[in-house]
Amino acid sequence: MRRIHVGNALSAFGLGFTVPYLYVYVAQVRELGATTAGLVLAVFAVAALLVLPFAGRAIVRRGPLPVLLAALVTAALGALSLGLAGSGATVLPSAVALGAGQAVMQPALATMIVDCSSAETRSRAFATQFFLQNLGLGVGGLIGGHLVDTSRVSSFTLLFSLEAAVFLLLVVVMATVRTPHAPRIEGAPAASAKGGWRQLLGNRAMVQLCVLGFVLFFACYGQFESGLSAYGVEAAGISTSALGTALAANTLMIVVAQFAVLRFVERRRRSRVIAAVGLVWAVAWAAAAYAGLGHGSRTMATAAFVSTYALFGLGEAMLSPTVAPLVADLAPTGMAGQYNSAFALVKQLALAIGPAVGGPMGASLHAPYVVTFLLFSLGISVLALRLGRRLPAVQDHPWGARSRVVARGGAAAEPVTAEA
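(A) Geometry of the overall build of the protein. When you go through the protein residue by residue, the secondary structure sums to 18 helices and two strands. Evaluated residue by residue, the protein yields a buried proportion of 52% over its 420 residues. Sequence-distant contacts, at least 24 apart, represent 86% of the contacts inside the protein between residues at least 6 apart. Carbon and sulfur atoms provide 66% of the accessible area of the protein, an area that totals close to 17400 Å².

Here it is as structure tokens:
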């Protein structure tokens, strides 16, 4: 598990190392123009959407480790070729390889966490994963920003070469991991690994969770660097330095709150925790409304805007030990890879559509923008409570289910080893 967490941190470090600078690199440093740079970002996202439906089946059939190693090598080749590419004909295929490789890493690593954890330790494992991912993204972005120089192509070549080296180092680290068969919780659905997407779509609880996940990622993550930042600059008059402070407040809140809220969260019903996140984010959007539409001072507007990002971070810290373990517990025996990939696909769709919708609204339709996403946040609470009515207690409230077994004088539910 420690090696898997190292893998999560390094993969996030590689992502934060270069992705924030892709547009500048293609448009300005390589002088390929804004259109080509936009295509690169679009291709980066489309590649992820194309490979994720197949990644789940590959993880089920081959196991998560071989799929992860293949994704790491693909991403390393993409990063290295991107650093050397000087034309649109070479930049675009490089972006496809890098985007596809990075997209497959996350469900593969998540499945390995499922294989190496039990129902008792899974929430803490995914909370640690989220903590390390944010830490890796932040440190990667910080170091990458100090290495690049828009006047020197060689600085970007060095950046992408270092990213490729990180991925290859991760190949060496992860190749030594030997994962056990996936542990199962009592009461989880049992089925063969056959059936693929048809079986997944027949799981009503999983479909509801995917719909809920889309709204979660659309209303929060899909707005961070698009609609919400545009709204802050245009409506609230937030400076770029204040915007950076807001992003830092988000990361700081996650780092500080992640393990503080873990004990509270893992003892509550998962559906109610997600519903509470919707309410927290509704308050965040109300603070954003005050920042841009209120008549306070510039200082008050900035404080409200920074608070918006901090409240989003608190909600994220509550979600990390809740949603990912729920996806794992809903998966039938041997299907964790398929379910993780499906949920990653939903996330990627939300992250692609969110900026496209929120960006123009945040820049020009200020009041409709904050009202719309405040309502989306309240919708999260409604969807979460509806999902809770469909979930068995062992999946919605595993800690409570174990406590009841112990209270009756029995042993807590032992994980059932998955069949090969």
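(B) Region of interest: the packing of aromatic side chains. Under the criterion given, the structure shown has 17 aromatic pairs. Ring geometry for Trp285 against Phe373: centres 5.4 Å apart, planes inclined by 25 degrees, an arrangement best described as stacked. With Trp285 in helix H12 (residues 270–293) and Phe373 in helix H16 (residues 366–390), this residue pair connects regions lying 88 residues apart in the sequence. Each member of the pair, Trp285 together with Phe373, is buried. Each residue in the set Phe214, Phe217, Phe218, Tyr221, Tyr231, Trp281, Trp285, Phe312, Phe343, Tyr369, Phe373 and Phe376 is aromatic and connected to the rest through ring pairs, giving one cluster.

(C) Geometry of the side chain of Glu163. Considering the arrangement of structural elements, one finds Glu163 in helix H7 (residues 153–174). Buried within the structure, Glu163 lacks any salt-bridge partner; its nearest side chain of opposite charge belongs to Arg30, at an N-O separation of 13 Å. At 3.2 Å, the side chain of Glu163 and the side chain of Gln102 are in polar contact. Excluding its chain neighbours within four sequence positions, the residues that come into contact with Glu163 are Gly14, Leu15, Phe17, Thr18, Ala79, Leu98 and Gln102.

(D) Spotlight on unusual backbone geometry. Of note, Glu31 is a non-glycine position whose phi angle comes to about 55 degrees, a positive value. Inspection of the secondary structure assignment puts Glu31 in the loop between helix H2 (22–29) and helix H3 (33–62).

(E) Structural detail: the packing of helix H9 (residues 204–219) against helix H15 (residues 336–364). In contact at an axis separation of 8 Å, H9 and H15 are set at 35 degrees when each is read in the N-to-C sense. Every pair of crossing elements has a handedness; the one defined by H9 and H15 is right-handed. Between H9, through Met206, Leu209, Cys210, Gly213, Phe214, Phe217 and Phe218, and H15, the contact on the second element is made entirely by Tyr339, Phe343, Val346, Lys347, Leu349, Ala350, Leu351, Ile353, Gly354 and Val357. Taken together, the residues of the contact of H9 with H15 break down into 14 nonpolar, two polar and one charged.

(F) Spatial organisation of a positive patch on the surface. A contiguous patch of positive charge, built from Arg124, Arg263, Arg267 and Arg268, is present on the exposed surface. As for its placement among the helices and strands, Arg263 is situated in helix H11 (residues 240–266). Given a relative accessible area of 52%, Arg263 falls into the exposed group.

(G) Spotlight on the confidence of the model for the protein. Predicted confidence across the protein gives a mean pLDDT of 82, with 90% of residues reaching 70 or more. Low pLDDT, under 50, characterises residues 405–409; the predicted model gives this stretch four contacts beyond four residues in sequence or across chains. Predicted confidence for residues 411–420 stays below pLDDT 50, and this span has 23 contacts to residues more than four positions away or in other chains.

(H) Main features of H9. In this model H9 runs 23 Å from its N-terminal to its C-terminal C-alpha over 16 residues, within 8% of the 22 Å that 1.5 Å per residue would give. Considered for burial, the residues of H9 that qualify are Ala205, Met206, Leu209, Cys210, Leu212, Gly213, Val215, Leu216, Phe217, Phe218 and Ala219. For H9, the N-terminal cap is Asn203; the gap from its side-chain oxygen to the backbone nitrogen of Ala205 is 3.2 Å.

(I) Local environment of the pattern of salt bridges. Tallied over the full model, the rule gives three salt bridges. Where Asp329 meets Arg122, a salt bridge forms, and the shortest distance between an N and an O atom there is 2.5 Å. With Asp329 in helix H14 (residues 323–330) and Arg122 in helix H6 (residues 122–147), this residue pair connects regions lying 207 residues apart in the sequence. As far as the burial class goes, Asp329 and Arg122 line up, both buried. When the shortest N-O distance is used, the salt bridge between Asp329 and Arg270 registers 2.9 Å. Pair noted here: Asp329 is in helix H14 and Arg270 is in helix H12, with a separation of 59 residues, a long-range link. For Asp329, a relative accessible area of 2% gives the class buried. A cluster of three or more residues bridged by salt bridges with shared partners is formed by Arg122, Arg270 and Asp329.

Rules behind the numbers
- Residues numbered from 1 in each chain as written.
- Predicted model: local features only at pLDDT ≥ 70, side-chain atom pairs only at ≥ 80, totals over all residues.
- Heavy atoms only, no water.
- Helix = DSSP H or I, 4+ residues; strand = E, 2+ residues; numbered from the N terminus.
- Buried < 20%, exposed > 50% of the residue type's maximum accessible area, 1.4 Å probe, protein only.
- Contact = heavy atoms within 4.5 Å.
- Areas by Shrake-Rupley, 256 points an atom, 1.4 Å probe, with all protein chains shown as cover.
- Phe/Tyr/Trp six-rings, centres within 6.5 Å; stacked < 30°, edge-to-face > 60°.
- Lys, Arg positive; Asp, Glu negative; His and termini not counted.
- Salt bridge = Lys/Arg side-chain N within 4 Å of Asp/Glu carboxyl O.
- Polar contact = N/O pair within 3.5 Å; in protein donor to acceptor, adjacent residues only side chain to side chain.
- Axes fitted to C-alpha atoms, helices over the stretch in contact; angles between N-to-C directions.
- Left-handed = near helix turned anticlockwise from the far one by under 90°.
- Nonpolar A, V, L, I, M, F, W, Y, C, P; charged D, E, K, R; others polar.
- Patch = residues over 30% accessible without salt bridge, like charges linked within 9 Å, V, L, I, M, F, W, Y side chains within 5 Å.
- Charge placed at Lys NZ, Arg CZ, Asp CG, Glu CD.
- pLDDT = per-residue confidence, 0-100.
- Expected span 1.5 Å × (residues − 1).

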